[in-house]
Protein chains: 2
Amino acid sequence: MYRTHNCGELRIEHVGQEVTLSGWVQRSRDKGFMMWTDLRDRYGVTQLLFNQEKSSPELFESARTLGREFVVRVTGTVIERVSKNDKMPTGDIEIEVTSLDILNAAKTPPFTIEDDSDGGEELRMKYRYLDIRRNPVKEKLIFRSNLAIEVRKYLSHQGFIEVETPVLIKSTPEGARDFVVPSRMNEGQFYALPQSPQTFKQILMVSGMDKYFQIVKCFRDEDLRADRQPEFTQIDCEMSFVTQEEILNTFEGLTKSLFKSTLDIELPDFPRMQYDDAMRLYGIDKPDLRFGMEFTELNDVAQNKGFSVFDNAELVVGICAEGIADSYSNKDIKKLTEWVQRPQIGAKGLVYVKVGKDGTFKSSVGKFFDDAALATWVEKMNAKEGDLLLILSGETDKTRKQLGELRLEMGRRLGLMKEGDFKPLWVVDFPLLEWDEDSERFHAMHHPFTAPKKADVERMLNGDHETMKSLRADAYDLVINGSEIGGGSIRIHDRELQSKNFELLGFTPEEAEDQFGFLLGAFEYGAPPHGGIAFGFDRLCAVMNGQSSIRDYIAFPKNNQGRDMMIDAPSHIAPEQLEELHIDLAQKEAEV
Amino acid sequence: MYRTHNCGELRIEHVGQEVTLSGWVQRSRDKGFMMWTDLRDRYGVTQLLFNQEKSSPELFESARTLGREFVVRVTGTVIERVSKNDKMPTGDIEIEVTSLDILNAAKTPPFTIEDDSDGGEELRMKYRYLDIRRNPVKEKLIFRSNLAIEVRKYLSHQGFIEVETPVLIKSTPEGARDFVVPSRMNEGQFYALPQSPQTFKQILMVSGMDKYFQIVKCFRDEDLRADRQPEFTQIDCEMSFVTQEEILNTFEGLTKSLFKSTLDIELPDFPRMQYDDAMRLYGIDKPDLRFGMEFTELNDVAQNKGFSVFDNAELVVGICAEGIADSYSNKDIKKLTEWVQRPQIGAKGLVYVKVGKDGTFKSSVGKFFDDAALATWVEKMNAKEGDLLLILSGETDKTRKQLGELRLEMGRRLGLMKEGDFKPLWVVDFPLLEWDEDSERFHAMHHPFTAPKKADVERMLNGDHETMKSLRADAYDLVINGSEIGGGSIRIHDRELQSKNFELLGFTPEEAEDQFGFLLGAFEYGAPPHGGIAFGFDRLCAVMNGQSSIRDYIAFPKNNQGRDMMIDAPSHIAPEQLEELHIDLAQKEAEV
């Protein structure tokens, strides 16, 4: 037997017992005739005492050979510590070791196995098995496991059935790029890995499954960044015979329950915001509500006063940063102006107004607007003495986006995004379609299966091109602290309407039939009204812990080149494998 | 709102309430002035009553248009039925309908949506969404979901952490064929889909995760048959600092708990059988213990009596089929002989002995053996009057396999594999290596990471070629009713021993390093002793329900050509996709 107890459970009441523990050597302190070693496993750390006087010389010498991360088994007696450590749950006791087995030696790890490691990200990814030994990483993975348990518990209690949908499915050009899998048995044909189980969960609704969920891996062959991975996990859900309201209530209930059970946080009811309001007030469809700083549109008070930049703008809009007029120097404002002018933001300039005492103002546009004019802005923005107004202008959508970025930046700079503060929000009534100027075609704002609002169905079936831009959908996102945690919609369940939507999205009838014929067919055999939602599980883990990167919540993440640094994948495969799969590597273009 | 109740929950105590239900039309009976319609959803069936006298003519006419599988919403009053149906949970009541909405019409389904459908398998797979509406299929998927919940509940309570391992990994030629995924970002390279998360779970043990599990999709590009699918699901588990005994106890506990919680069956403690005994007594490593009919070896009593077939055989071995001597005619035995002579079984012939009254026998080898000689066989086999002895002879391994097949066939014919009878069994002490005469190399009996028994380590490191054939492993299978439900082993956790095993399996050091260098490396940084097991989840579902095929426990299975008949995958992909992935379709050989 390797252990009678783990390294986290011995307490003062175990004193006198003989125990066996196994684990990793965290560190040793050698005081000549006494040696203390911290033994670590998943559950904690227990101090071992090697006492030269009480043990055999062989045991003591063997203990001296122990290096960091050696794996050992010890047997000994639990004794009360002379100097207790109240920071460790096992800090009242130590083990006077009478027997020591070195189960495995260890080379010195390439970085320290401590909460704050000295290893860079690349090194830690290559030696991920050492990285996971560190408490912060290990605890993130345990959190994830616990969260999944709570998700399943809640949804099962609500009558949801977890159904596994296939991983080897069919490639569809719509949406992001597919990963594909050549078929050996079907020459020249390919499976695709699912970007989501969307069509399958709808098929399950047609099959009468009524309430479906799945915690499921999804795949997108996109260019990567910190919060994107080629494989990621969704909490995927679908319900039949439901309205949007019932879906929102169900998953608001899930979210509250998860926060309560894993973080002991009681979330209040989630506010709901129209997509249009989110864009108008925050310039983004996933506003961070941990702070206010809502947009105020100033067209009526700032235009036609002779400042051509504003006069020529479609929108003049500002935010009010409270109480920083004095502390923000001209240099600070210059830097902020440069910040919004960076290509990633793309604003042409930044107008500011500092609200001084007794109705006096300092502004970059003081020569165009006198204090009385500026006072109307200040009043409109509900600003008060000491506040700093930041104003952008230009084309409506772009300016909103830019000011949205600036608002978030000010929130960060002013420390308004407090850790442990959670502000969930439903954003609802998204547009059905999005017109892409570049490709001159409609994209589905959510996905091609999203239903227009009932009131818009007639307009969708019979309206003209411009009408399509104004269609609204029963589509909704769950946003927490500025992160999109989940999104979903009521789906189309009618063949005619689905065909119309495919047509609007640029599918020929043949393409629609080829890719989604099974779904269109299913709609003819008694499809119920249905809708659903999918949560980004990796991101939910991160957001619940105030983290911005999802990587540490994934046991074996890939880097930005899509590589697994530990196993060194992807890799070359044997020519025989290619042959069996009926594919060749593409010949490189001849060098010119 | 689509419903106040589902179609399975209304009872006599709801009489008088106004309710709204939604569901599918199962069938209607039109009696002219009254019409009854069964409305079905996942939860049950409720009878609707359309009464011409009490409802509007429009409502009644609308009800008359309802076809099978139409999706409707009705509102009405719960009334007590005149003629109750005690076979339906809702059979005491019906709904007097006052309002009817046809939510979706339905074409006539291509097969009947009844427990016994008239649809063939191909048709049911193509219209899987209709097939799943049938109770037997729906209930299998719900059983699967419930079983997964119970697995997670049990293992979580035991301290196991569910960790998601990657799906995009590295191709390794060992084992079955990999599915591969061309990498767009890494030209000429491929990911592979995991045949199991084996190396990752071992890495998790090196990372100190201590107890890991995952219900996880695995992939094998093998030729398919009824109980194999290209993608299948495992309950994958691994533990650190454990002996084989502790693993067996843990997963015996899991299995008992699953039978108890989902089937309300209390399994007794599982017997354990050495691999060698299983082969010797049942001719197979997964004996069905629902019936006895153990092998008796007859070399000492049947050889050297002048019957050259036996004399030249390495093994003479028989089974005793009780009480069928009289009912099995010469014709029956001829048919049985033909059965064992089929190429799939491959026996040369079948010797029988019928045990008659007063020490008389009837046998196909009567002219070589007198009654006294046959009496020694009968005694050895513990046979009694009326029994039929069936005896095969030849090369040991082949003959055991043939008799194993015959034993199962007799079990089937005699109805000895009773439904609802569960006989679990641990088969232990598998050989480490298997010598393949054809390729003249060793294969890993379990997999290349399995450890030899401690007592065999020295012989493995220093023994000769013949010694390797006799090495035993701490490897075990869980068998229920002749199906292998799970299998696992204690793993190697030492770099030297793992390298030796790779060498025995024919890897060059470079190949071992290229494919498994990360694992060999991990073993140098403090790998704990560890071991684990994986259960075939699909098969567990099937076996627990006495089914032989796993297909109906998979929501969207593939056919024997690896095709999803519903979505019609795999399929051709666009030339641009191939180009982005840096691959071409192989040119077909020029026709001669």
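Residues numbered from 1 in each chain as written. Chains lettered and ligands numbered in written order. Predicted model: local features only at pLDDT ≥ 70, side-chain atom pairs only at ≥ 80, totals over all residues. Heavy atoms only, no water.

Notes on empty space enclosed by the protein
Left-over empty space is what a probe sized like a water molecule reveals as it rolls over the atoms.
Working step 1: On inspection of all chains with the given rule, the structure shows 9 cavities of 30 Å³ or more.
Working step 2: Lining the largest cavity we find 33 residues, and of these Arg152, Ile215 and Val216 of chain A together with Ile215 and Val216 of chain B sit closest to its centre.
Working step 3: Of all the elements in the fold, those that place two or more residues in the lining of the largest cavity are α4 (135-157) and β9 (211-219) of chain A together with α4 (135-157) and β9 (211-219) of chain B.
Working step 4: In terms of residue class, the lining of the largest cavity is made up of 16 nonpolar, 7 polar and 10 charged.
Working step 5: What the second largest cavity holds in volume is close to 150 Å³.
Working step 6: If you go around the second largest cavity, you meet 18 residues; those closest to its centre are Glu164 of chain A together with Lys217, Ile554, Ala555 and Phe556 of chain B. (1 Å grid on protein atoms, 1.4 Å probe; cavity = no way out; pocket = protein on both sides within 12 Å on 5 of 7 lines; lining within 4 Å. Points joined across faces, edges and corners; volume = space filled by probe spheres on them. Helix = DSSP H or I, 4+ residues; strand = E, 2+ residues; numbered from the N terminus. Nonpolar A, V, L, I, M, F, W, Y, C, P; charged D, E, K, R; others polar.)

Considering the packing of aromatic side chains
Residue and element names in this part refer to chain A.
Working step 1: For the structure shown, the criterion picks out 49 aromatic pairs over all chains.
Working step 2: Plain terms: the ring middles of phenylalanine 502 and phenylalanine 507 are 4.9 Å apart, the flat faces sit at 50 degrees to each other, and that makes the pair tilted.
Working step 3: Residue classification places phenylalanine 502 among the buried residues on the basis of a relative accessible area of 1%.
Working step 4: Residue classification places phenylalanine 507 among the buried positions, given a relative accessible area of 9%. (Phe/Tyr/Trp six-rings, centres within 6.5 Å; stacked < 30°, edge-to-face > 60°. Buried < 20%, exposed > 50% of the residue type's maximum accessible area, 1.4 Å probe, protein only.)

Remarks on the sheet that holds strand β4 (residues 71-80) of chain A
Residues and elements named next belong to chain A.
Working step 1: With mixed pairing, 5 strands are arranged side by side around a closed barrel as β1-β2-β3-β5-β4. Averaged over all pairs of adjacent strands, the angle between strand axes in this sheet comes to 55 degrees, irrespective of strand direction.
Working step 2: Sheet topology places β4 next to strand β5 (residues 93-104); 10 bridges connect them, and they run antiparallel. What sits directly across from valine 72, in β5, is isoleucine 102.
Working step 3: Packing of helix α1 (residues 57-64) onto the sheet brings it into contact with β1 (18-30), β2 (34-41), β3 (44-51) and β5, and relative to β5 it is tilted by some 75 degrees. (Pairing = 2+ DSSP bridges. Axes fitted to C-alpha atoms, helices over the stretch in contact; angles between N-to-C directions. Contact = heavy atoms within 4.5 Å.)

Points about the interface of chain B and chain A
Working step 1: With 123 residues of chain B at the interface, the matching set in chain A holds 123 residues.
Working step 2: Summing both sides of the interface, chain B and chain A together bury roughly 10800 Å²; the carbon and sulfur share of this comes to 59%.
Working step 3: Three residues, Glu164, Phe241 and Tyr525 of chain B, lead the burial of chain B against chain A; their summed loss comes to 8% of the area buried on that side.
Working step 4: At the boundary of chain B and chain A, one finds 14 salt bridges. (Buried area = accessible area lost by both parts, 1.4 Å probe. Salt bridge = Lys/Arg side-chain N within 4 Å of Asp/Glu carboxyl O.)

Let's talk about the pattern of salt bridges
All names here are of chain B.
Working step 1: Summed over all chains, the structure comprises 110 salt bridges over all chains.
Working step 2: As a salt-bridge pair, arginine 272 and glutamate 245 come within 2.6 Å of each other at their nearest N and O atoms. Here glutamate 245 lies in helix α6 (residues 244-263) and arginine 272 lies in strand β11 (residues 272-274), a separation of 27 residues in the sequence.
Working step 3: Judged by its relative accessible area of 34%, arginine 272 falls in the partly exposed class.
Working step 4: One salt bridge in this structure joins arginine 495 and glutamate 513, with 3.3 Å as the shortest N-O distance.

Side note on helix α11 (residues 371-380) of chain A
All names here are of chain A.
Working step 1: Every buried residue of α11 is listed here: Ala373, Leu374, Trp377 and Val378. Each buried residue of α11 sits inside an arc of 145 degrees when the element is viewed along its axis, so together they form one side. Counted as exposed and oriented over 90 degrees from the buried face of α11: Ala372 and Glu379.
Working step 2: Looking at the packing, one finds that the buried side of α11 touches α8 (299-302), α9 (308-311), β14 (351-355), β15 (361-363) and β16 (388-394). (Arc of directions from axis to C-beta.)

As for the sheet that holds strand β13 (residues 315-321) of chain A
Two pairing modes exist for strands in a sheet, parallel and antiparallel, and in both the strands are linked by backbone hydrogen bonds.
All names here are of chain A.
Working step 1: Taken together, the 5 strands give an open sheet; going across it, the order is β12-β13-β16-β14-β15, and neighbouring strands pair in antiparallel fashion. Both edges of this open sheet fall to β12 (296-297) and β15, since each of them pairs with a single strand only.
Working step 2: Here 4 bridges tie β14 to β16, and the two strands are oriented antiparallel to one another. Residue pairing across strands places valine 353 opposite leucine 389, the latter belonging to β16.
Working step 3: Across the sheet, helix α12 (residues 396-413) lies against β12, β13 and β16, angled at about 10 degrees from β13, the strand it touches most.

Considering the domain arrangement of chain A
Working step 1: Entries for chain A in the domain assignment read domain 1 (12-104), domain 2 (136-268 + 536-577), domain 3 (291-413) and domain 4 (424-531).
Working step 2: A straight line from the C-alpha centre of domain 1 of chain A to that of domain 4 of chain A covers 64 Å. (Domains from an automatic or database assignment.)

Examining the pairing of strand β19 (residues 441-444) of chain A
Residues and elements named next belong to chain A.
Working step 1: Of the two faces of β19, the one holding Phe442 and Ala444 is buried and the one holding Arg441 and His443 is not buried anywhere.
Working step 2: Where strand β18 (residues 433-436) lies against β19, 4 bridges are found, and the strand directions are antiparallel. Across the sheet, residue leucine 433 finds its bridge partner in β19, namely alanine 444.
Working step 3: In this antiparallel pair of consecutive strands, β18 and β19, the connection spans 4 residues, and glutamate 440 shows a positive phi of 50 degrees.

Examining helix α10 (residues 330-341) of chain A
An α-helical turn contains 3.6 residues, so a residue and the one three or four places further along point in the same direction.
Residues and elements named next belong to chain A.
Working step 1: Here α10 contains 12 residues, and its C-alpha end-to-end distance of 16 Å stays within 8% of the 16 Å for a straight helix at 1.5 Å per residue.
Working step 2: Turning to α10, its buried residues number three or more, namely Ile333, Leu336, Thr337, Trp339 and Val340. Axial view of α10: buried residues confined to an arc of 155 degrees, hence all on one face. Within α10, the exposed residues directed more than 90 degrees away from the buried face are Lys331 and Lys334.
Working step 3: On its buried face, α10 sits against β14, β16 and α12. (Expected span 1.5 Å × (residues − 1).)

Details of the environment of threonine 46 of chain A
All names here are of chain A.
Working step 1: Mapped onto the secondary structure, threonine 46 falls in strand β3.
Working step 2: Owing to a relative accessible area of 0%, threonine 46 belongs among the buried residues under this scheme.
Working step 3: Reaching out from threonine 46, the side chain makes a polar contact with the backbone oxygen of cysteine 7 at a distance of 2.6 Å. (Polar contact = N/O pair within 3.5 Å; in protein donor to acceptor, adjacent residues only side chain to side chain.)

Regarding a negative patch on the surface
Working step 1: Taken together, the side chains of Glu576, Glu579 and Asp584 of chain A together with Glu576, Glu579 and Asp584 of chain B present a region of like negative charge at the surface.
Working step 2: Of all the secondary-structure elements, those providing two or more residues to the negative patch are α18 (575-580) of chain A together with α18 (575-580) of chain B.
Working step 3: With respect to the helices and strands, the residue glutamate 579 of chain B is situated in helix α18. (Patch = residues over 30% accessible without salt bridge, like charges linked within 9 Å, V, L, I, M, F, W, Y side chains within 5 Å. Areas by Shrake-Rupley, 256 points an atom, 1.4 Å probe, with all protein chains shown as cover. Lys, Arg positive; Asp, Glu negative; His and termini not counted. Charge placed at Lys NZ, Arg CZ, Asp CG, Glu CD.)

So, the relation of the copies chain B and chain A
Working step 1: Between chain B and chain A, the superposition needs a rotation of 180 degrees and an axial shift of 0.0 Å, giving an RMSD of 0.0 Å. Accordingly, the operation relating the two chain copies is best matched by a two-fold axis.
Working step 2: Comparing contact sets, 100% of the residues at the interface of chain B also lie at the interface in chain A, consistent with an isologous, same-surface contact. (Least-squares fit on C-alpha atoms with pLDDT ≥ 70 in both.)

Concerning the packing of helix α10 (residues 330-341) of chain B against helix α12 (residues 396-413) of chain B
Residue and element names in this part refer to chain B.
Working step 1: At a closest axis distance of 11 Å, the pairing of α10 and α12 adopts a crossing angle of 135 degrees. In terms of their interaxial angle, α10 and α12 are classed as oblique. Once α10 is placed against α12, the crossing between them reads as right-handed. On the side of α10, the interface is formed by Leu336, Trp339 and Val340, while α12 contributes Glu405, Leu406, Glu409, Met410 and Arg413.
Working step 2: The class makeup of the residues in the contact of α10 with α12 is 5 nonpolar, no polar and 3 charged. (Parallel < 35°, antiparallel > 145°, perpendicular 65-115°, else oblique. Left-handed = near helix turned anticlockwise from the far one by under 90°.)

Considerations on the side chain of threonine 75 of chain A
Residue and element names in this part refer to chain A.
Working step 1: Note that threonine 75 resides in strand β4.
Working step 2: Overall, threonine 75 belongs to the buried group, its relative accessible area being 16%.
Working step 3: Excluding residues that lie within four positions of it along the chain, threonine 75 makes contacts with Glu18, Val19, Thr20, Glu96, Val97, Thr98 and Ser99.

What about unusual backbone geometry?
All names here are of chain A.
Working step 1: Cis rather than trans, the peptide bond between alanine 569 and proline 570 has omega equal to 0 degrees.
Working step 2: Here proline 570 is to be found in the loop between α17 (537-544) and α18.
Working step 3: In the Ramachandran plot, methionine 293 falls in the positive-phi region, its phi being about 50 degrees despite a non-glycine side chain.
Working step 4: Its location among the elements puts methionine 293 in the loop between α7 (275-282) and β12.
Working step 5: You can call methionine 293 buried: its relative accessible area is 13%.

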